[in-house]
Amino acid sequence: MTFNKNDLLVYAITPDRFDHDELIQQVKEVLAGGATILQLRLKDHPFKAQEEKLDLTKKIKALCQEAGVPFIIDDDYELALAVDADGLHVGEDDLPVDQARQLLGPEKIIGASAKSLDAALKAQAAGADYLGVGALYPTQSKANAQGTSLTTLRAIAQGVNIPIVGIGGINLYNMANLRDQGLAGVALISALFKAEDPYQATQEIRKAAEKLFKLQAVLTIAGSDSSGGAGIQADLKTMQANGVFGMSAITSVTAQNTRGVTGVYDLSPEALASQLQAVFEDIPPASVKIGMVSQVELVEEIAEALKTYQAKNVVVDPVMVATSGSNLIQDQAVQVLADQVFPLACLITPNIPESQVLAGQDIHSAADMEAAAKKISQTYQVAVLCKGGHRVNDANDVLVTPEGEVHWFKGERVDNPNTHGTGCTLSSAIASNLAKGDDLVTAIARAKTYLSLALKDQLNLGQGSGPLNHGFGLLTYYPSDD
Ligand SMILES: Nc1ncnc2c1ncn2[C@@H]1O[C@H](COP(=O)(O)OP(=O)(O)O)[C@@H](O)[C@H]1O
Ligand SMILES: Cc1ncc(COP(=O)(O)O)c(N)n1
Ligand SMILES: [Mg+2]
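Position numbers for residues count from 1 along each chain, tracking the sequence in the order it is written. Whichever chain is written first becomes A and whichever ligand is written first becomes 1, with later ones labelled in order. For this predicted model, a pLDDT threshold of at least 70 governs which residues receive local features, and a threshold of 80 or more governs which side-chain atom pairs are given and counted, while totals over whole chains, interfaces and linings are taken from all residues. Think of the side-chain values as coming from all heavy atoms in the structure, minus any hydrogens and water.

Per an unreviewed UniProt entry, the protein chain goes by the name Thiamine-phosphate synthase and belongs to Aerococcus tenax. The Function (unreviewed entry) field of the UniProt record for the protein chain holds the comment "Condenses 4-methyl-5-(beta-hydroxyethyl)thiazole monophosphate (THZ-P) and 2-methyl-4-amino-5-hydroxymethyl pyrimidine pyrophosphate (HMP-PP) to form thiamine monophosphate (TMP)." UniProt positions are given in the numbering used here, feature names are shortened, and annotations may be inferred rather than shown by experiment.

This is the structure we're talking about:
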C-alpha cells in the first residue's frame with residue numbers, strides 16, 4: 001500500500017444500499033479494473049448486527065490489500081480503528097480533521113471534504129493528506145449535495161499542496177472538462193458501481209484519467225534560441241504553460257535575438273543521438289515536437305530514433321526561415337526531412353512559405369492554402385496544418401488529413417508586430433494537448449486559443465519582432481506571503 005502526493009487517484013467509493021455478496025464482487029471488479037484507492041462508505045446501510053458490518057469491512061479490506069490499494073473508511077473512525085484500515089475520510093460535518101489525525105495516528109491517510117478554499121486550507125493545516133472537492137456535477141449518490149464551481153476548484157487547487165480529487169456526478173464523458181484544474185484524480189461511485197460492467201468501466205476511466213490527471217512528458221527536438229522567444233526555449237515554456245513536463249534534445253545552438261540570427265552552431269549527430277537515447281530510454285514522451293533541424297545527418301538521427309523508440313504523437317514544424325528572415329535549414333535537408341520524418345508524424349505544421357516549398361506551388365489565397373496542404377498531405381501521407389500567420393487580414397489555418405478531410409481553424413488577427421516564435425509555440429502547444437489525450441482537431445483548436453492569448457498579452461521586448469508572453473496565465477503561489 002502506497003500513497004504518494006503525485007500518484008494518480010482513481011478513487012472508488014462504494015454505493016449506498018447493496019447486497020453484500022454483490023458488493024464484494026463489484027469491489028473485486030473495480031480493483032481489477034484499476035482503481036488506485038478505495039473507500040468503504042456505509043451510509044444508509046442497515047446492518048442486523050455489528051459483526052456483520054465488521055465481517056464485510058474485513059473482507060473488503062483484504063481485497064484492497066491483495067490489490068495493493070489503500071483502504072479508506074468513510075466517517076466511522078471506530079470501524080477504521082477496529083479493522084486497522086489504511087485511512088479515514090471525514091466530511092465537513094463529521095469528526096474534525098485534527099481529531100481524526102490524533103485518533104488514527106501519523107501514519108494513516110486522512111482525507112477531508114472541502115467546498116471552499118477556507119475549508120481546504122483548514123483541513124490541510126489540521127493534517128489532511130488529500131481533499132475531496134465537490135459536488136462538481138449533479139449526483140444521485142448524495143441528494144441535495146451543494147455544487148462546487150470549477151472556479152472554486154481551481155482556487156483550492158492553487159491554494160493547497162496536498163492532492164485533490166474531484167467528486168460528484170463524474171463519469172467518463174464529463175471527466176475531460178476537469179483537466180488542467182490541478183486535480184490529482186477523480187472520485188466515483190455510480191460511474192463504477194452502477195455500470196453494467198464495473199471492471200470495464202473502471203478500466204476505461206483509469207485509462208482516461210492517466211492522460212487527464214498525470215503529468216505527461218513531452219519532448220522537443222529543436223534549436224536553441226538565445227533570446228528565448230522561439231526554438232527550445234519557446235517550446236519548454238509553452239509546455240509548462242500547457243500543463244505538461246517538457247524535455248529537450250537540442251539540434252543546434254543559435255545566436256539570435258528579435259532582430260536576427262547572428263550564428264548557427266549545429267551539434268554533432270552523436271550529440272543529438274545521445275540526447276535522444278537518454279530521453280527515450282528513461283522517460284518515453286507522450287508526444288514529440290520537432291522544430292529546427294538544419295542538416296541531413298541530424299534529420300537522419302531523428303528518423304532513426306523515432307523508429308527505434310516508436311515515438312507517438314509526433315508533430316513536425318518544418319522550420320525553414322526565421323521570422324526575422326534568416327535561413328535555418330540547409331536546402332538538401334528539406335527533402336530528407338520530408339521523406340524520412342513526415343511519414344512518422346501525425347501532423348506537420350508548415351507556414352505559407354514552407355507550404356509553397358513543400359507543395360511546389362504558389363499560395364495567394366485561402367483556396368491555394370487548402371490546395372497546397374492537400375498536395376503535401378497526399379505526397380507524404382500525413383495530416384498537414386497550413387498556417388495562415390503570413391496573411392494580412394486573418395489568421396486562419398487549414399488542416400487536411402491523408403483521408404482528405406478539411407478543417408479550417410478561424411483565427412482573429414491580433415494586432416501585434418511581435419510574432420517571433422509563433423510557429424514554435426503553436427506546434428508545442430499542439431503536442432502538449434495531444435499528450436493530454438486530445439484528438440487532433442481539439443488539440444489544434446486549443447493550441448490556437450493559447451497562442452492568441454499569448455499574443456494578446458502584448459509583451460514588447462527587443463528592437464525587432466519580439467517574443468510572446470508564454471506564461472501569461474502562470475502565477476506562483478508562495479504560502480509564506482500570506
Ligand atoms: N497576428 C496574429 N494574430 C493571430 N494569430 C496569428 C498571428 N500571427 C500568426 N498567428 C498564428 O500563429 C500560428 C503560427 O503561424 P505562422 O506565424 O504562420 O507560423 P510561423 O511562425 O512558422 O511562420 C498560426 O496559428 C497563425 O494563424
Ligand atoms: C532556434 C529557432 N527555431 C525556430 C525558429 C522559428 O521561429 P518561428 O516560430 O517564428 O517560425 C527560430 N527563429 N529559431
Ligand atoms: Mg515557423
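Further notes follow.
A.B. asks: Just to check I follow, could you spell out the site of ligand 2 for this structure?
C.D. replies: Put simply, a residue is near a molecule or strand once any heavy atom of it comes within 4 Å of that molecule or strand. Lining the immediate environment of ligand 2, one finds 15 residues, of which Gln-256, Thr-323, Gly-421, Gly-423 and Cys-424 sit closest. Polar contact is defined as a pair of N or O atoms within 3.5 Å, subject to the rule that within protein one atom must be able to donate a hydrogen and the other to accept it, and that residues adjacent in sequence are counted only when both atoms are side-chain atoms. The backbone of Gly-423 places a nitrogen or oxygen atom 3.1 Å from an oxygen atom of ligand 2. In short, Shrake-Rupley with a 1.4 Å probe defines the accessible areas, and a residue's cover is counted only from the protein chains shown. Protein coverage of the free-state accessible area of ligand 2, which is 370 Å², stands at 96%. Going along the chain from the N terminus, every DSSP run of H or I of four or more residues is numbered as a helix, and every run of E of two or more is numbered as a strand. Taken together, the elements giving at least two residues each to the shell around ligand 2 come down to strand E9 (217-225) and helix H15 (422-435). Here the shell around ligand 2 takes three residues from H15, the largest share from any one element. Side-chain classes are defined by residue name, with Ala, Val, Leu, Ile, Met, Phe, Trp, Tyr, Cys and Pro counting as nonpolar, Asp, Glu, Lys and Arg as charged, and the others, Gly among them, as polar. Residue composition of the shell around ligand 2, grouped by class: six nonpolar, nine polar and no charged.

A.B. asks: I would appreciate a short explanation of the packing of aromatic side chains in the present structure.
C.D. replies: Note on aromatic pairs: each is described by the distance of the centres and the angle between the planes. Working definition: rings of Phe, Tyr and Trp (its six-membered ring) pair if their centres are within 6.5 Å, and the pair is stacked with planes under 30 degrees apart, edge-to-face with planes over 60 apart, and tilted otherwise. Taken as a whole, this structure holds four aromatic pairs when the rule is applied. Judged by centre distance (5.3 Å) and plane angle (90 degrees), the rings of Phe-342 and Tyr-380 are edge-to-face. Taken together, the positions of Phe-342 in the loop between helix H12 (331-341) and strand E14 (347-348) and Tyr-380 in helix H14 (residues 366-380) put the pair 38 residues apart, joining distant regions of the chain. Of the two residues examined, Phe-342 and Tyr-380, each falls in the buried class. Each residue is placed in one exposure class: buried if its accessible area under a 1.4 Å probe, protein chains only, is under 20% of its type's maximum, exposed if it is over 50%, and partly exposed if it falls in between.

A.B. asks: For this particular structure, what's the right way to read the domain arrangement of the protein chain?
C.D. replies: Note on interface size: it is often stated as the accessible area lost on association of the parts. Splitting the protein chain by domain gives domain 1 (5-213) and domain 2 (217-476). For every domain, the bounds stem from an assignment made automatically or drawn from a database. Each of domain 1 and domain 2 was reduced to a C-alpha centroid, and the two centroids are 41 Å apart. Here a residue-residue contact requires only that any non-hydrogen atoms of the pair lie within 4.5 Å. Taken together, the four residues of domain 1 in the interface contact eight residues of domain 2. For any pair of parts, buried area is found by adding up, for both, the accessible area (1.4 Å probe) each one loses once the two are put together. Summing both partners gives a buried area of about 470 Å² for domain 1 against domain 2, and 29% of it is carried by carbon and sulfur. On the domain 1 side of the interface with domain 2, the three residues burying the most area are Arg-179, Asp-180 and Lys-211, jointly 94% of the side's total.

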